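Close look at the chain arrangement
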Amino acid sequence: MAITINGSDVEAPGDARVSLLDLVRDRLNLPGTKKGCNQGACGACTVLVDGERVLSCMTLAVQCEGRSVTTIEGLAAGGALHSLQQAFIDHDGFQCGYCTPGQICSAVGMIAEIERGVPSVITADLGGEGLSLSREEIQERMSGNLCRCGAHNGIIDAISEILVREAAE
Amino acid sequence: MNPFSYSRAAGAADAIRLGAVAGTKYLGGGTNLVDLMREGAEHPEALVDVTALSREIEEREDGGLMIGAAVRNTALAEHRAVRQRYPMLSRAILAGASAQIRNMATIGGNLLQRTRCTYFYDGEGSRCNKREPGQGCDAIDGFNRNHAILGASPACVATHPSDMCVALAALDASVHIEGRSGKRSVPLVELHRLPDGRPDLDTVLEPGELITAIELPALPLASRSTYRKVRDRASYAFALVSVAAALEVESGTVKDVRLALGGVAHKPWRAWRAEEALRGQPASEDAFRAAAEAELADASPLKDNAFKVELARRTIVAVLGDLAGAGR
Amino acid sequence: MSNFVENAKQAVQGAAQAAMQKAVELAPDSWIPGGRPDPLIDRKHGLIGAQTSRVDGSLKVRGAAPFAAEFPLEGLLYAAVTFSTIAKGRITTLDTAEAEAAPGVVLVMTHRNAPRMRPMPLFLTSQKAAGGDDLPVMQDDRIHWNGQPVALVLAETQEQADHAASLVRVAYEVEPALLSFAEAKAKGTEPGIFMGPMKLEIGDPEAALAAAPHKVDTVYRTPRHSHNAIELHAATVAWQGDTLRVHDASQAVAHTAWSLAEIFGIDESNVHVTSPFVGGGFGGKSLWHHQVLAAAASKLTGRPVRIVLSREGVYRLVGGRTLTEQRLALGARDDGTLDAIIHTGTVAMTPHNAMPEPFILPTQSAYAARSIKLDVEVVKLDMLANTFMRAPGESVGTFALESAMDELAVELGMDPVELRIRNEPEKDPTSGLPFSSRHIVDAYRMGAERFGWSARSATPGMRREGEWLIGMGVATATYPYHRMPGGAARLTLTRDGRVTVEAAAHEMGMGTATAQSQITAERLGLSLDQVTVHYGDSAMPGMILAGGSQQTASIGAAVIAAQRELVAELLKLAGNDSPLAGLKPDEVGGMNGGLAKLDEPDRFESYVSILTRANSDEVSVVGNAPMPLETQHWSMHSYGAMFCEVRVNAITGEPRVSRFLGSFDCGRIINAKTAASQFRGGIIMGLGLALMEETVFDERSGRIMNPSMAEYHVPVHMDVPEIDVIWTDIADPHTPMGAHGVGEIGITGVGAAVANAVYNATGKRVRDLPITLDKLM
């Protein structure tokens, strides 16, 4: 069974120790996914596996056989930008740019979770239908992605803009 | 990380067969095990991927739930029946880690999460009885702000880090286990051990035994329950103290209660004494405080964590007060 | 029809504006008394100050900006490090057999087989010295700190290298190490030296304090901090013939190249360091042992090497901010004016570094006290060398100074903003120099108005919503203007009318290329897309440290010098057939893609035309920035007034910042978007410093016990409220572009603003950071 990465099939590494993160960065020359701690503690390595946001540093590549992985390089087709990528630029949702691919992949996964109705720990009424899209809700749901440059406001602004736009559509 | 082999089990029987080989570990989401392997705290020779175990959340007719071990944390937290019947469980899971980790972690794996004691993590540079029995403990006289106030031993003062397990402890959950010698079921509160002289043993699992499911009995009072986690930053941090509680009040009197604490002991701490002290008492702040004090009477804080005793007391009183207030 | 009219009207207005537009005259080549300000200061509606998005934004959001560990080289080997587990002593046994036999291992380098190298040139000991310490790591069997590298493994894959590094067996003969701060202090301190002594006394402050009717005299403590840039320290190195090629994560490429040349005893021109993108620096990305050891191992194997430190490795190998213990005493009269400021204390450092955290710096220029005493003493511990971290000195010094000012305001019963205004100095209180541009009172008034400061109750504990006690606090932010010697830049104008700027400077998130594109385009009369800025390459002109918040001014001054050269060249090339014939550089300026006579803009020729007529493909010049004499004539600083609202949970003590405003006075702002991000970023790191950050150092072992992003807390999204930033935008006539630095000021004052707000919320005064919930229960 192959691992599908950004639409292409890749053979799983022979060494089971290889993380999904090191597979894409070191072996497939897809360095857009970043290594910030390799401890499951910063979120810089966030990718989408079967559409769900996960940490590629804590995922063994062999665990992804038969699954579909999307990295930052696979988010938008061709040279175009995903709407979130453009929103990050517009709102200056980054400085050094190192945590940025992880933030963006995480936001893509988060938006899907919100659409599915997944609550967060600060959701007041767990039993209720529908979620409010308050700023705090987005902050809580994005808290697994650290940013040391302090672009937090711009990141949340960018995601909010996309959420509001999607809600309007 | 030492080299290891990797295989996927098709189901429980297959996993147990593969897991019979010494040096084998079961792999769920990997969010803790992979980290511990990288840190040298775990060095299995073989990993058996058990994410093909059941991912079913079965709703029993009596209102209870049977939860497959491979159910992801997010899936359990977002499940409609959990949110309505056991909100404390939903909230406890959502209070833990980050969304990415919750998407990866399995509930079976979460039960086996190991301590965050920094001396345990620092295998090369520190002494730790949990890593190497008999070596000594550098935490007891070291930085122990995050450590245990209840049930610790001279050998180990580490705490259990899971949020989910605290709720499960309060909810009378039981853990279904399979091994070569057959199946058994253990109450969650008996799955994890206190450290005593063998802190290297986190649980009562025998070698090769596999967690296959968690069973939640019907517990109507749990529909009014919550989980409160107190931590150093607003999100994505382990608990200093957490409280899972369910409360049933009738005519101003506590009819029934479930209470468990996190961040205070080597295992999720079911507050039996507090529960006992509360049943039949008026649902008042005084009674809540008396119950908290009964539970914490034996607390023995360390150099840096005396605040946890007071924090636990206050948090218990506040959580019970909220539940009592919401029920009025 | 109406559209047509509207468009025509706009076209006419546009034409009129163009006609009124003036060429930008050349900027002065120095800033000394009697000089004239940079003419860019008068450009109000151009690119300067605009909300320009980052020119490298698209690369970064696509993950396509290459960082140090992302350069694929043929035959690459991966490195892993084994660290010492004792603080001081000797290696007695070093068994590498098992590691060497492990699959994929190509080299295990230890002190036995490492090439002989000179020590890293220690920062501040020479102009281009970049080393964090000057210890002979892997040159002998001695151990100097717990975490020192004792072996470096190279293998074909990272997994193999990591595993083999864990197989290196080391035994030690342990020697007593000095690890306890209290014990070291008891043994005696020595004076700290940081670009000169840090001892100063004006008047008799102890006597003035004793006699003062109102006083505060307390001790404040700040713990060790780690930079925790999200990008791990990394380098990809290769020897290409005699040349050492380094893809580094660096905020000092020229310094690193020179220092590596010294270490390996080769010519500076034989080291080529590049660093196009740096994933956060904050003072931590200079030269540490990992680049040196990787280069040494690459030399031994003849193969390129990639080293990416683990997060633990960063904590073991790269120093952070050290701890401080500060006495801050203030004596005041009834009207609040200060008779005495005493700011003294002790910091820990090592025998092998040059960074006594200079916490007195903010106090040097802060208030018009009648007597002042400043003193930084040091003790030297056997620990990892501490180093520069964002606003070294000011970040922690302002915590003490500005907390004490708040305590004094309480003692006086005076509004803390008013107290600060009453002590506003007319000239620098310690140097006696005039201020070049100080409008901090304006910043305070603007900030107080916008934040709603007047709603604050002076009595603590008066505001409560549910479980949450709410309070407000304020503090002054301050950071000096620096422009270090050595700024230089190359300007290359090509026949298509485009300009490239090259300077050995850095981009770690400040928006270097964006700001310099704006500045250069505005100066030369070009559009933004006609300018490209290259940087991060030691082969480029200049020696421009990304430190001291000085890059913008430093590159800006170099571009000014280069423009003068360029214009002189162009006037020569233009010759007698040009409308510019006979003009001197000072008579022309940049405009509309060419040069025009300043007072006769019709005498104009485009850059394209000049080069085409001269049949020249390009003109390339290097300009050297003048010496930074301005700092000898004026007291020069960025300023800010920090306003904070906190909520403290009355039950659990949890402190959360709910509102924050930074009101800044930092000269002319070059890019409103990226400057705001720099301000916010500094403030957010300040929130970490205030509420959660601490590098835990076990004084028994000398070991850092939380070498992890999970255990060292930095603020997460949920900790960060919407942060408001405003600025005076008053240009400093004595700096390039009228600008001051914006990179470090944001972290200063935040610790005190938060602590003061916590006091206002709860009545509890926390004097030792971080302000965790156990201190508030």
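Small disclaimer: the values here were computed from a predicted structure and weren't measured.

A word on the domain arrangement of chain A. Residues and elements named next belong to chain A. In terms of domain boundaries, chain A breaks down into domain 1 (3–74) and domain 2 (83–168). For domain 1 and domain 2, the distance between their C-alpha centres works out to 21 Å. At the junction of the two partners, domain 1 supplies 16 residues and domain 2 supplies 17 residues. Both sides of the domain 1 and domain 2 interface together cover about 1,300 Å² of buried area, and 54% of this is carbon and sulfur. Counting across the domain 1 and domain 2 interface gives 2 salt bridges. Between R53 and E113 there is a salt bridge, with its nearest N and O atoms 2.7 Å apart. Summed over the shared surface of domain 1 and domain 2, the result is 7 residue pairs in polar contact (both at pLDDT 80 or more). Elements that contribute at least two residues to the side of domain 1 that touches domain 2 include exactly strand 3 (46–49) and strand 4 (52–55). By residue number, the principal contributor to the side of domain 1 that touches domain 2 is strand 3, which donates 3 residues. The residue makeup of the side of domain 1 that touches domain 2, split by class, is 6 nonpolar, 5 polar and 5 charged.

For the rest of this paragraph, the subject is helix 5 (residues 152–168) of chain A. With 17 residues, helix 5 of chain A extends 24 Å between its outermost C-alpha atoms, agreeing within 8% with the 24 Å of an ideal straight helix rising 1.5 Å per residue. Where helix 5 of chain A is buried, its residues touch helix 2 (83–90), helix 3 (100–116) and helix 4 (135–141) of chain A together with helix 18 (672–691) and strand 31 (723–727) of chain C.

Further remarks concern the interface of chain C and chain A. Each side of the interface is counted separately: chain C has 61 residues, and chain A has 52 residues. Counting the surface lost from both chain C and chain A, the interface buries some 4,300 Å², and carbon and sulfur atoms represent 56% of this. Viewed at the interface, chain A and chain C are joined by 7 salt bridges. Across the pair R135(A) and E722(C) runs a salt bridge, and its minimum N-O distance is 3.7 Å. For the pair chain C and chain A, the number of links is 25 residue pairs in polar contact (both at pLDDT 80 or more). For the side of chain C that touches chain A, the secondary-structure elements that each account for two or more residues are helix 2 (57–61), helix 4 (158–165), helix 9 (311–317) and helix 18 of chain C. Broken down by element, the residue count for the side of chain C that touches chain A peaks at 8 residues, all from helix 18 of chain C. Split into classes, the residues belonging to the side of chain C that touches chain A amount to 27 nonpolar, 20 polar and 14 charged.

Cut-off values and rules
- Residues numbered from 1 in each chain as written.
- Chains lettered and ligands numbered in written order.
- Predicted model: local features only at pLDDT ≥ 70, side-chain atom pairs only at ≥ 80, totals over all residues.
- Heavy atoms only, no water.
- Domains from an automatic or database assignment.
- Contact = heavy atoms within 4.5 Å.
- Buried area = accessible area lost by both parts, 1.4 Å probe.
- Salt bridge = Lys/Arg side-chain N within 4 Å of Asp/Glu carboxyl O.
- Polar contact = N/O pair within 3.5 Å; in protein donor to acceptor, adjacent residues only side chain to side chain.
- Helix = DSSP H or I, 4+ residues; strand = E, 2+ residues; numbered from the N terminus.
- Nonpolar A, V, L, I, M, F, W, Y, C, P; charged D, E, K, R; others polar.
- Expected span 1.5 Å × (residues − 1).

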